[in-house]
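Breakdown of the fold
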Amino acid sequence: GVWACSGPKGQDRRRLRGRSDCWDSPVASPTDNISVTTVYFDYACEDSYRFQRLLDMAEVSADWRPFSLTQAASKASSWHWTNGEVPLSVLGLAGHEVVKAQSAPGTKAYRQEMFRLFHDTQHLPKRDQIWQLIEKFTGFPQADLDLDAALQRVQDSHEVAASKAVFSTPTVFIEDSDRPFF
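Residues numbered from 1 in each chain as written. Predicted model: local features only at pLDDT ≥ 70, side-chain atom pairs only at ≥ 80, totals over all residues. Heavy atoms only, no water.

**Considerations on the overall build of the protein**
The following threshold applies: For helices the rule is a DSSP run of H or I covering at least 4 residues; for strands it is a run of E covering at least 2, with both sets numbered from the N terminus onward. Relative accessibility decides the category of a residue: with a 1.4 Å probe and only protein chains considered, values under 20% of the type maximum give buried, values over 50% give exposed, and everything between is partly exposed. Only heavy atoms enter the contact rule, under which two residues are in contact if any of them lie within 4.5 Å. Every accessible area reported is derived by Shrake-Rupley at a probe size of 1.4 Å, with residue values counting cover from the shown protein chains alone.
Broken down by element type, the protein carries seven helices and four strands. Each helix and strand of the protein, placed in order from N terminus to C terminus, yields the pattern α-β-α-β-α-α-α-α-α-β-β. Out of the 182 residues belonging to the protein, those deemed buried represent 43%. Relative to all contacts within the protein whose residues are 6 or more apart in sequence, the contacts with residues 24 or more apart total 70%. Surface exposure of the protein reaches about 9,800 Å², of which carbon and sulfur atoms provide 50%.

The structure is reproduced here in structure tokens:
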């Protein structure tokens, strides 16, 4: 089956955030057997957040892989940012990869909290808030984490996604298909 998500836009979307009845699906329902294998996502994407919540409600598991919308929108091919600071969403994605590499069970909780940090407030998260979440789920202080290796995993995931025609998030691969569902 294919899961199609549509819902309110703009102000209505913010007003209805958190309600399970604000999504409709003309193709599938949360009770259908859905075999989502891969979801490419970015924490900056509200639709990724909404899709994560839908999959959680339906108790559908998937392999969540980073895809940087910041990098996709950039004209530069380099992953080195001019001011030397990693964009907030990319830092969150790098944290996802660190947590995923250390303890798969904590990855879902990390992802849920990071999405809430990005979308359940009126402001973008602060860099130290993101680092606090990364440290909470890894158990290591920032100084002990290999950010470069995590950023490389984000870049590798992004490049694999781009080679599969992924250009936005969430992009979902269902069952054994090599064709994405946007």
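After that view, the rundown keeps rolling.
**Section: unusual backbone geometry**
For the bond running from T169 to P170, omega is -10°, close enough to zero to count as cis. Here P170 is to be found in the loop between α7 (147-163) and β3 (171-174). The backbone of E59 sits at a positive phi, close to 55°, despite the residue not being glycine. Inspection of the secondary structure assignment puts E59 in the loop between α2 (46-57) and β2 (63-66).

**Digging into the packing of helix α4 (residues 88-102) against helix α6 (residues 127-138)**
Applicable threshold: To obtain an axis, a line is fitted to C-alpha atoms, over the contacting stretch when the element is a helix, and the angle between two such axes runs from 0 to 180 degrees between their N-to-C directions. For classification purposes, an angle smaller than 35 degrees is called roughly parallel, one larger than 145 roughly antiparallel, one from 65 to 115 roughly perpendicular, and anything else oblique. Think of it as three bins: nonpolar holds Ala, Val, Leu, Ile, Met, Phe, Trp, Tyr, Cys and Pro, charged holds Asp, Glu, Lys and Arg, and polar takes everything else, Gly as well.
Where α4 meets α6, the closest approach of the two axes is 9 Å, and the angle between their N-to-C directions is 5°. As summarised for this structure, α4 and α6 are arranged roughly parallel, according to the angle between their axes. Residues L88, L91, G92, G95, V98, V99 and Q102 of α4 form the contact with α6, whose own contacting residues are R127, I130, W131, I134, F137 and T138. Its residues placed into classes, the contact of α4 with α6 shows eight nonpolar, four polar and one charged.

**Here we look at the environment of H158**
Tracing the chain through its elements places H158 in helix α7. Separated by 87 residues in sequence, H158 and Q71 have C-alpha atoms that sit 8.7 Å apart.

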